[in-house]
4 protein chains.
Amino acid sequence: MRTKTKSAPAETRSFAEAARRSQIVDCAIDTVAEMGFARASVDQIAKRARVSKGVITYHFPSKEEIVDAVIEKVVAAGRTYMEPRIMAETSAAGRLRAYIESNLEFIDAHRSPLIALVEIAMTARRADGSLIIGPESLAQRAANLGELLRAGQRSGEFRRFNTRVMALTIIHAIDAVPFLLAREPGLEVKLHAKELAMIFALATRRESS
Amino acid sequence: MRTKTKSAPAETRSFAEAARRSQIVDCAIDTVAEMGFARASVDQIAKRARVSKGVITYHFPSKEEIVDAVIEKVVAAGRTYMEPRIMAETSAAGRLRAYIESNLEFIDAHRSPLIALVEIAMTARRADGSLIIGPESLAQRAANLGELLRAGQRSGEFRRFNTRVMALTIIHAIDAVPFLLAREPGLEVKLHAKELAMIFALATRRESS
Amino acid sequence: MRTKTKSAPAETRSFAEAARRSQIVDCAIDTVAEMGFARASVDQIAKRARVSKGVITYHFPSKEEIVDAVIEKVVAAGRTYMEPRIMAETSAAGRLRAYIESNLEFIDAHRSPLIALVEIAMTARRADGSLIIGPESLAQRAANLGELLRAGQRSGEFRRFNTRVMALTIIHAIDAVPFLLAREPGLEVKLHAKELAMIFALATRRESS
Amino acid sequence: MRTKTKSAPAETRSFAEAARRSQIVDCAIDTVAEMGFARASVDQIAKRARVSKGVITYHFPSKEEIVDAVIEKVVAAGRTYMEPRIMAETSAAGRLRAYIESNLEFIDAHRSPLIALVEIAMTARRADGSLIIGPESLAQRAANLGELLRAGQRSGEFRRFNTRVMALTIIHAIDAVPFLLAREPGLEVKLHAKELAMIFALATRRESS
DNA sequence: TATGAATGAGAATTCATTCAT
DNA sequence: TATGAATGAATTCTCATTCAT
């Protein structure tokens, strides 16, 4: 992470180029998930991809770009998986449940990528020391989920609560799962999802009495 | 071609020695909190402490020992602060509230140390690649909190829920706070605490019928 | 907080790679022979090879591997040189003479490598403190030479003596030569060889009277 | 081994001073014998002596002086032990036998000091890179023993041989013993001595027939 | 005399990046 | 495009020596 060359824009890439990049990104994901970000050197990634180190640098002029590509790939896949499931629900409570459950299903089905993403979010920094996944990123996710929660409050499904704190709490409860999986692969994600959904259903619903 | 040394046991330390160690630990905390664990080199810590690098390695033969000392210091302080507050409560619900609130008060009052601790928990690894704060550590905290929750279930204060998932969710909701503070120093921790307490009060209480 | 890497197996090496490794090994040999093992740092070796330090660690992930390569190179060359000369003799006395003389010829023709080898044998230690050229190595050489000596005893050429002590004495008389050469380059090795051959001929032959 | 302060001359030392120095030298001997010269740091020696490191540097301004003291102590003790035994013999053959046997007895009785001495002879160097036990030292020993051998030749007891080569061979056969003991503590030194004495008796005596 | 803290010069390794082929 | 060699900065750790108390 020393200099500033940029790789060519995505549109100009050939199919072969795209395939190579994708392969490298996958290997980077597995390496980060397995050894942690700090130990996931370009050497290690190249070894896992069974290509020379030069190939990596050829396709990704700097390590930061690999990281960006990993983030992009995982985030895009997550959004693709989750959005329709959430939108399929009509009630706010249903959407919240879908948010939690689809998120955990996705995590369960893509363990390495998510473990890698959490590793990156926690530790990856730019050359200047700033976090690659910075506060804005979390703020954006919190804002999106907050909107969902506010909709529930407006419709009267949800009680009054600070939507930002609730959103952050839900997001961190979800983000904890890859972290837990990295340390305890046997974790029962389905059960975890059901319990989380219940916890936040109770925490958000309008007071009954 | 290198070997390992261990520092002398704590009891044999003089006052001056203890003070120096404490100063170094404090600088290590600030450095890790500010730059992240990966960038908190011994050089950086020494620079912040305005001593030569050798001083650090004189008092802490290996970097791992600095990390251990940081963990010990922060964890001990946290326990001292929280335990009486929790034990002062008699109901399970009260204890849970005290658990959450005293934890967040402590975090608020010791931001850098807690940010550093979270950084270390996330990324610090031993020479062999294993995490310094491993799964056992989290398991222990979850078990302790789980016991509190089970007591509430036995007494009928709490509904039936999976105590392990609930404990992990509460712990991660709390651990998220230093992480948030690192990224958004203006966070209103008091408000956050109140909301968290409410969330988990609602999530745990017996269904009203 | 450091780990170990292993270099790729020898078969996979390209010609250029092998040449570089060989060059580095040669420079390592000269450096060790000239300055002693303790002072032969990777920096020094790199300086002598007129390459950056990184080149060394690129080809030899750890210093121990350089040492292993030095040992292998010298030992293999020695065996290649000596074995046919010894085997060309049919009598035990002839073989013993050939053993001593071919050994000293080889030493004379490869002074630096042998001086380096003796330096390494005396002082090089692994990370765990164990000697890189350990007791087994000497035991093996003593056993081989002992077998030659026992053959001479069985055939009646040699008198009764403790073959192990004799073998060790001969081996150390030979190993002393690189040591002597390092301190006194003008040593007349040919004369030394003739005298040594005579000493051990007299010491081993069957009592005449 | 960086600078050049000299410690006070021996005559000016108090009794307590001398005792301290002797204790430090003994600990240095044990440390070098056990861990090798390269690993025998001042720290290690101080730890073994159960004094602070400063004590060492107080009594021995530089590490080189410790080494000098070790050498002096061991060499003097050896001379004291061996000289009368050698001089008690009247024949050259007797003196040679006494030389070998008393030497090995002394080694056997003072293993650590001799192992340390050999370690030092092999590897210890001055700040400028020159060997602390240099060629002169060996040359001196060879000259002394050579004189004994020449006397035997003059008297007709010994055959004609190159006295220098013979002397060096005998010396190295003896010096090998501490080296062997370091690697194989069970070595039967008495047997070894007898065999060595026989080897060199046969190698030196005048041809019988 | 004794102590132990401090210093700063190396030492081995790791690693992102550059570059010639 | 691909390769892998080369570079040099950064990092942890060791150690002889200096120095204030």
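Just so it is clear, the structure is predicted and the values come from calculations on it, not from any experiment.

As a further point, take the overall build of chain A. On a plain count of helices and strands, chain A comes out with nine helices and zero strands. Counting from the amino terminus, helix and strand elements in chain A follow one another as α-α-α-α-α-α-α-α-α. For chain A, with 209 residues in total, the buried portion stands at 49%. Considering only contacts in chain A between residues 6 or more positions apart, those separated by 24 or more positions represent 66%. Accessible surface, chain A as shown: approximately 10,200 Å² in total, 54% of it carbon and sulfur. In chain A, 31 positive and 25 negative side-chain charges are present, and the distance between their average locations comes to 2 Å.

Another point: the environment of Ser-137 of chain D. Note that Ser-137 of chain D resides in helix α7 (residues 135-155). Each C-alpha atom of the pair Ser-137 of chain D and Ala-121 of chain D lies 9.6 Å from the other, and the pair is 16 residues apart in sequence.

Now for the packing of aromatic side chains. Residue and element names in this part refer to chain A. Counted by the stated rule, this structure contains eight aromatic pairs over all chains. Judged by centre distance (6.2 Å) and plane angle (40 degrees), the ring pair of Phe-158 and Phe-161 falls under tilted. Note on Phe-161: relative accessible area 8%, which makes it buried. The aromatic ring of Tyr-81 is capped on one face by Arg-85, whose charged end is 3.9 Å from the ring centroid.

This paragraph deals with unusual backbone geometry. Look at Arg-50 of chain A: it is not a glycine, yet its phi comes out positive at around 55 degrees. By the secondary structure assignment, Arg-50 of chain A is in the loop between α2 (42-49) and α3 (53-59).

Residue and element names in this part refer to chain B. Given a rise of 1.5 Å per residue, 21 residues ought to cover 30 Å, and the 30 Å separating the end C-alpha atoms of helix α8 (residues 163-183) matches this to within 8%. Taken across its 21 residues, α8 has 18 buried, putting it largely inside the fold. The residue sitting at the N-terminus of α8 and contributing the capping side-chain oxygen is Asn-162; that oxygen lies 2.9 Å from the backbone nitrogen of Arg-164.

On to the confidence of the model for chain A, then. Per-chain confidence: chain A averages 92 in pLDDT, with 93% of residues scoring 70 or above. Per-residue pLDDT stays below 50 along residues 1-5 of chain A; that stretch engages in nine contacts with residues further than four places along the chain or on separate chains.

Attention now goes to the relation of the copies chain B and chain A. Mapping chain B onto chain A calls for a rotation angle of 179 degrees and an axial translation of 0.1 Å; the resulting RMSD is 0.2 Å. Overall, the copies show the geometry of a two-fold rotation axis. Among all residues of chain B, the one whose C-alpha sits closest to the rotation axis is Ala-203 of chain B, at a distance of 2.6 Å. Same-surface contact between copies: 98% of interface residues of chain B are shared with the interface of chain A.

Opposite the 44 residues of chain B that make contact, chain A presents 43 residues. Taken together, both faces of the contact between chain B and chain A bury some 3,700 Å²; the carbon and sulfur share is 61%. At the boundary of chain B and chain A, one finds four salt bridges. A salt bridge links Glu-184 of chain B to Arg-164 of chain A; the nearest nitrogen and oxygen atoms lie 2.6 Å apart. In this assembly, chain B and chain A are joined by nine residue pairs in polar contact (both at pLDDT 80 or more). For the side of chain B that touches chain A, the secondary-structure elements that each account for two or more residues are α1 (15-35), α6 (111-123), α7 (135-154), α8 and α9 (189-204) of chain B. Looking at the side of chain B that touches chain A element by element, the count peaks at 11 residues for α8 of chain B. Residue composition of the side of chain B that touches chain A, grouped by class: 23 nonpolar, eight polar and 13 charged.

Below, the discussion takes up helix α7 (residues 135-155) of chain A. Here α7 of chain A spans 30 Å end to end across 21 residues, near enough to the 30 Å set by a 1.5 Å rise per residue. Those residues of α7 of chain A hidden inside the fold are in contact with α4 (63-87), α5 (92-109), α8 (163-183) and α9 (189-204) of chain A together with α8 of chain B. Positive phi shows up at Gly-156 of chain A, right after α7 of chain A, with a value of about 90 degrees.

With that settled, consider the packing of helix α4 (residues 63-87) of chain C against helix α6 (residues 111-123) of chain C. Residue and element names in this part refer to chain C. Their axes nearest at 10 Å, the elements α4 and α6 cross at an angle of 130 degrees. With respect to α6, the axis of α4 lies oblique. Viewed along their axes, α4 and α6 form a crossing whose handedness is left-handed. Listed contacts from α6 to Val-67, Val-70, Ile-71, Val-74 and Val-75 of α4 are Pro-113, Leu-114, Leu-117 and Ile-120. In terms of residue class, the contact of α4 with α6 is built from nine nonpolar, no polar and no charged.

Overall, the coordinates contain 46 salt bridges over all chains when judged by the stated rule. In this structure, the salt-bridge partner of Glu-119 of chain A is Arg-125 of chain B, at a minimum N-O distance of 3.9 Å. In this pair, Glu-119 of chain A sits in helix α6 (residues 111-123) while Arg-125 of chain B sits in the loop between α6 and α7, so the two residues belong to two different chains. We note that Glu-119 of chain A, like Arg-125 of chain B, is buried. Asp-26 of chain D serves as the salt-bridge partner of Lys-73 of chain D, at 2.8 Å between the closest nitrogen and oxygen. Placement of the pair is Lys-73 of chain D in helix α4 (residues 63-87) and Asp-26 of chain D in helix α1 (residues 15-35), with a sequence separation of 47 residues. One salt-bridge network, in which partners are shared between bridges, spans Glu-147, Arg-150 and Arg-154 of chain A.

Looking now at the packing of α7 of chain A against α8 of chain A. Residue and element names in this part refer to chain A. Remark: α7 packs on α8, axes separated minimally by 8 Å, with the N-to-C direction vectors making an angle of 120 degrees. As the angle between them shows, α7 and α8 are arranged oblique. You can see that α7 and α8 cross each other, and the crossing is right-handed. On α8, the residues touching Leu-138, Arg-141, Ala-142, Leu-145, Gly-146, Leu-149, Arg-150 and Gln-153 of α7 are Thr-163, Met-166, Ala-167, Leu-168, Ile-170, Ile-171, His-172 and Asp-175.

Its location among the elements puts Thr-123 of chain B in helix α6. In this structure Thr-123 of chain B comes out as buried when scored by relative accessible area, which is 12%. Excluding anything up to four places from it in sequence, Thr-123 of chain B contacts Thr-123 of chain A together with Phe-37 of chain B.

Quick look at the environment of Ser-41 of chain C now. With respect to the secondary-structure elements, Ser-41 of chain C resides in the loop between α1 (15-35) and α2 (42-49). As for Ser-41 of chain C and Cys-27 of chain C, which are separated by 14 residues in sequence, their C-alpha atoms are 11 Å apart.

Here we come to the environment of Leu-131 of chain C. Take Leu-131 of chain C: it is sitting in the loop between α6 and α7 (135-154). Each C-alpha atom, one on Leu-131 of chain C and one on Arg-50 of chain C, is 30 Å from the other, the two residues being 81 residues apart in sequence. When neighbours within four sequence positions are excluded, Leu-131 of chain C is seen to be in contact with Ala-121, Met-122, Ala-124, Arg-125 and Arg-126 of chain C together with Arg-183 of chain D.

Cut-off values and rules
Residues numbered from 1 in each chain as written. Chains lettered and ligands numbered in written order. Predicted model: local features only at pLDDT ≥ 70, side-chain atom pairs only at ≥ 80, totals over all residues. Heavy atoms only, no water. Helix = DSSP H or I, 4+ residues; strand = E, 2+ residues; numbered from the N terminus. Buried < 20%, exposed > 50% of the residue type's maximum accessible area, 1.4 Å probe, protein only. Contact = heavy atoms within 4.5 Å. Areas by Shrake-Rupley, 256 points an atom, 1.4 Å probe, with all protein chains shown as cover. Lys, Arg positive; Asp, Glu negative; His and termini not counted. Charge placed at Lys NZ, Arg CZ, Asp CG, Glu CD. Phe/Tyr/Trp six-rings, centres within 6.5 Å; stacked < 30°, edge-to-face > 60°. Lys NZ or Arg CZ within 6 Å of the ring centre and 35° of its normal. Expected span 1.5 Å × (residues − 1). Polar contact = N/O pair within 3.5 Å; in protein donor to acceptor, adjacent residues only side chain to side chain. pLDDT = per-residue confidence, 0-100. Least-squares fit on C-alpha atoms with pLDDT ≥ 70 in both. Buried area = accessible area lost by both parts, 1.4 Å probe. Salt bridge = Lys/Arg side-chain N within 4 Å of Asp/Glu carboxyl O. Nonpolar A, V, L, I, M, F, W, Y, C, P; charged D, E, K, R; others polar. Axes fitted to C-alpha atoms, helices over the stretch in contact; angles between N-to-C directions. Parallel < 35°, antiparallel > 145°, perpendicular 65-115°, else oblique. Left-handed = near helix turned anticlockwise from the far one by under 90°.

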